[in-house]
Structure formats: C-alpha cells, structure tokens
Amino acid sequence: MDNQFSPRKVPSVCSFRYGLSLLLYVCNSIIMSQRMCLSLTMVVMVNSSDPHGVPNTSTEESLDVTKNPVYNWSPKTQGIIFSSIFYGILIIQIPVGYLSEKYSIKKMISSALFLSSLFSLILPMAAEGGEAWIIACRAAQGVSQGSALIAQHAIWVKWAPPLERGRLTSLSLSGACGCGVSLLWFLLFYDDPKTHPCISVSEKNYILSSLNQQQSSSRTRSLPIKAMIKSLPLWAIVFGSFAFHWTNNIMLFYTPTFVDSNLHVNVKENGLLSALPYLFAWSFGILAGHAADFFLSRNILRLNTIRKLFSTLGLFLPPFFGLCLLHLSFSFYSTIVFLILTGSTGSFCMAGLLINGLDIAPSYYGFLKGLTNVIGMIGGLISSILCGMILNENPESGWFKIFFLTAGVNVTGLLFCLIFGKAEIQDWDKDRPEQTRL
C-alpha cells in the first residue's frame, strides 16, 4: 500500500479533527435519541389491552389523561407512525447530498439539528391532535434529521486523513439539549480546515497534505449518472444499505415492544434494557473503526478486504443473534444477552459498507451517501410498516416471521456486497486528483 498521502502523522490527542468527530457524535446521539424516544413512550401511550381498537380514541382510565394519555393505536397503526419519520428523510437526502458539496455544511447541520429538536418538543401536542398530526410532525422531523445525517458525511472528504477515516467516522456515528448543541456546532465548526481560526499549523498541514487537496473540481462537474447506474460497486453499497437499515430500524423502533411483550417489565426497566444494545453498538462501532485503520496502516489487510470483513460482521451477526434470541433464549438473562447482540453488532458496518462510498468516489461522496441512504431508508420504511402488520396479525408468533425475513434480506444484501463490492476509486471519478490508490 502506498502511504504517500500521510507524510508525517500529527498526534490525535486534543486535535480538532477528533474534537470534530466527538461533536458530531453528540449531534448524532441527540438525533438518534429523538428518533427512538417515541418507540419507548409508545409502550405507555397505547392501550395494550385493546390492540385492535379504533385509532386515536382516548380510553377512560383512572390516570390523568392530560399527563398520561392512552390511545387505541393498533400495532399496524404504530408501525405507520414509527415509519413516518422516513417520509421526510427519503425526500431530503439526495438533494442534501448534492447541495452539501456546494453550500455551507456548517449552516445546514446547525439549522437541521435545531429544527429536529423543535419538532421533538411539540410531538406530544401533535399526538393529542390525532394520527395525521403526529405523522406530519414526524415527517417534518425526518426532513431535519435527514439533512443533518447526510450533510455531515461530506465533512470527512476535507477533514479526515485516509488512514483515519474508519475511526473518525465510526466515532461520530456510533450514536432536550439539541437546540443548545446546534448553537455550539455553529460556533465551533468550519467547513474546511484551511479556514479554521484555531487549528494548529501542523495539524492543518497534515490533513491537507494527506488529502493532496486542491480546489474541488467536483463543484463544477456534472454528475455521471449513467456511469453510476452501471457501477456494480455502487449497487453493492445500495443493497448492503437496504439490508442494514431493514434490520437496524426494526431494532430501533421495536426493541421496547419486544421487551414489553416478552419480558413483562415496567417502563423504567424497559428503557434501561432497550438502551443497552446502543451502548454496545457504540463500543462495537468504535472498535470497528480503530481495527479497520489498524489493519490498513500496518498493511495487514487490503482496504477491499477490510470493507468486506466488517460488512460481513455487520450484516450477518444481527440476524444470526436474532434467530438465537428466538430459539436459544431459555432465561431472562440469555434473552437480554441475545437482544443486546442482535441490536448492537450491526454497527460493524460503520467500518464497512457505510463508509465505502468514500473509497469508490470521494468527489461525489455527499451525493452518493444521500442516494444510498435513500435506498436504505426505503428498506427501513418497509420493514417498520411490515413489522407492525405482522405483529397486528399475530403478536406472539409474529417475531419468528420478522427475524426469519430479516435473515433472508441480510444474507441477500451481504452476498451482493461480497461479490461486487470494491474499495478503489472508480473510473467515473478518476478525473479528480488521486487520493487513495490502494
């Protein structure tokens, strides 16, 4: 491997590039907590004793309904509400991916995070207004979150040295104060290391020289749409993203429901148990990023092998442990262990297919991330709705159908990634100065 893009490594401790990764981690943690909050509160919002009741009809309870409203939303209706956030995410990702290469990422992310937090605050009032209002609110929140999640990927084209892309990306992604953080982001982040007033000269030179950076010609180039459509490595990322989001969104939205129906714990314990997979996902994501960069910097594995290795772990392990959860869980603790592994091991994809677009076409990474995420979110949208429909028909045996279907989707996506996946710059992006020829 040719490491000419890494002339002299600058220490990462107290560096701005790692500080930026941590700041993005905080932003993503807030976004994900806002996204999954409803899946936990839904456990106490709905009337579980009458799952097939008339939607949005309040029941007479001894509880004060103004403090703890209860709605007769069926599992099918809940699935539609859960998935409604993807309506907004789907329509905004490709435009944001394209515009992030042309306009200020700083303003895009700070505004998006503020609006997502605002919609999260008004969500309870939207629920009182009925299903249409809560769906509209979640869709608007999806527009904001989709903008923030896609725009940030264009950051690493300018801020991440090639040998540190795995750890910086995984650290930032392995994830009430959102409005405050949006202001903090606006004050601390700059679109380019060349314009940052506080970064050290040595770190600035290290980043710029390792990227062999010039004024990006991609700003004036048209998108090679035909070449992208014919690109099998790009389709490998698309199919892998579809499978990843299919599984990830089932676990994101339905873990509290699974815990409630199978472990019969109170809502406080449910919240703790539902959070454990994300704690381990954060750990596995960071581990994957550091391991990938270690293998690459020590010439232990080729970049293509690294991407396929972590894609395999991220797509194969979740459905495997999901089937173990159904067939090998004979106690409370074994159920918890398999539930944690099912919900957390998908984060290995952070060092695999989720960053692979930066390998094959760095010039168009923002657009490609938006495109592949749209396809992936369609998988998440379908799985969320389908999961609700299956549980609506049969809440007890429905989980078996869900995890077997998930296994089929993931194995199909993984096979496509292993056969057609690549990790070198494609011909349709080679008119840009070469960065990482491996």
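The structure contained in this document is the topic of the report that follows. Predicted, not measured: the structure shown is a model, and the values here were computed from it.

**Focus: a nonpolar patch on the surface**
(1) Moving on: Taken together, the side chains of F114, L115, L118, L121, I122 and M125 define a hydrophobic patch exposed on the protein surface, amounting to about 540 Å² of accessible area.
(2) Moving on: You can see M125 is positioned in helix 4 (residues 105–129).
(3) Moving on: Accessibility expressed as a relative area gives 56% for M125, which makes it exposed.

**Observations regarding the packing of helix 11 (residues 232–262) against helix 12 (residues 267–297)**
(1) Moving on: Axis separation between helix 11 and helix 12 bottoms out at 9 Å; the angle between their running directions is 140°. Taken together, helix 11 and helix 12 sit at an angle that is classed as oblique. Seen along the crossing, helix 11 lies across helix 12 with a hand that is right-handed. Taking contact as the criterion, the partners of M251, L252, T255, P256, V259 and D260 in helix 11 are, on helix 12, N270, L273, S274 and Y278.

**Remarks on the side chain of S147**
(1) Moving on: By the secondary structure assignment, S147 is in helix 5 (residues 131–151).
(2) Moving on: The class for S147 is buried, based on a relative accessible area of 12%.
(3) Moving on: Once residues within four sequence positions are removed from consideration, S147 is found in contact with I92, V96 and A112.

**Some thoughts on empty space enclosed by the protein**
(1) Moving on: Approximately 90 Å³ is the volume attributed to the largest cavity.
(2) Moving on: In terms of lining residues, the largest cavity is bounded by A236, I237, N304, R307, K308, S311, G352, L353, N356, C417, G421 and K422.
(3) Moving on: Counting only elements with at least two residues in the lining of the largest cavity, the list comes to helix 11 and helix 13 (303–327).
(4) Moving on: If you tally residues by element for the lining of the largest cavity, the top one is helix 13, at four residues.
(5) Moving on: For the lining of the largest cavity, the per-class residue count stands at four nonpolar, five polar and three charged.

**Considerations on helix 17 (residues 398–420)**
(1) Moving on: Across its 23 residues, helix 17 extends 34 Å between first and last C-alpha, which sits within 8% of the 33 Å expected from 1.5 Å per residue.
(2) Moving on: For helix 17, the full list of buried residues reads G398, W399, I402, F403, T406, A407, V409, N410, G413, L414 and C417.
(3) Moving on: If you follow the buried residues of helix 17, they end up packed against helix 11, helix 13, helix 14 (332–344) and helix 16 (365–393).

**Some points on the packing of aromatic side chains**
The way to describe two aromatic rings as a pair is by their centre distance and the angle between their planes.
(1) Moving on: One pass over the structure, following the stated rule, counts 16 aromatic pairs.
(2) Moving on: Centre to centre, the rings of F239 and F416 are 4.5 Å apart; their planes meet at 40°, and the pair counts as tilted. You can see F239 sitting in helix 11 and its partner F416 sitting in helix 17, a full 177 residues away along the chain.
(3) Moving on: The exposure class assigned to F239 is partly exposed, which follows from its relative accessible area of 36%.

**Observations concerning unusual backbone geometry**
(1) Moving on: Even without a glycine there, the phi angle at H264 is positive, about 55°.
(2) Moving on: Its location among the elements puts H264 in the loop between helix 11 and helix 12.
(3) Moving on: For N299, which is not glycine, the phi torsion reads 60° and is therefore positive.
(4) Moving on: Relative to the helices and strands, N299 resides in the loop between helix 12 and helix 13.

What counts as what
- Residues numbered from 1 in each chain as written.
- Predicted model: local features only at pLDDT ≥ 70, side-chain atom pairs only at ≥ 80, totals over all residues.
- Heavy atoms only, no water.
- Patch = residues over 30% accessible without salt bridge, like charges linked within 9 Å, V, L, I, M, F, W, Y side chains within 5 Å.
- Areas by Shrake-Rupley, 256 points an atom, 1.4 Å probe, with all protein chains shown as cover.
- Salt bridge = Lys/Arg side-chain N within 4 Å of Asp/Glu carboxyl O.
- Helix = DSSP H or I, 4+ residues; strand = E, 2+ residues; numbered from the N terminus.
- Buried < 20%, exposed > 50% of the residue type's maximum accessible area, 1.4 Å probe, protein only.
- Axes fitted to C-alpha atoms, helices over the stretch in contact; angles between N-to-C directions.
- Parallel < 35°, antiparallel > 145°, perpendicular 65-115°, else oblique.
- Left-handed = near helix turned anticlockwise from the far one by under 90°.
- Contact = heavy atoms within 4.5 Å.
- 1 Å grid on protein atoms, 1.4 Å probe; cavity = no way out; pocket = protein on both sides within 12 Å on 5 of 7 lines; lining within 4 Å.
- Points joined across faces, edges and corners; volume = space filled by probe spheres on them.
- Nonpolar A, V, L, I, M, F, W, Y, C, P; charged D, E, K, R; others polar.
- Expected span 1.5 Å × (residues − 1).
- Phe/Tyr/Trp six-rings, centres within 6.5 Å; stacked < 30°, edge-to-face > 60°.

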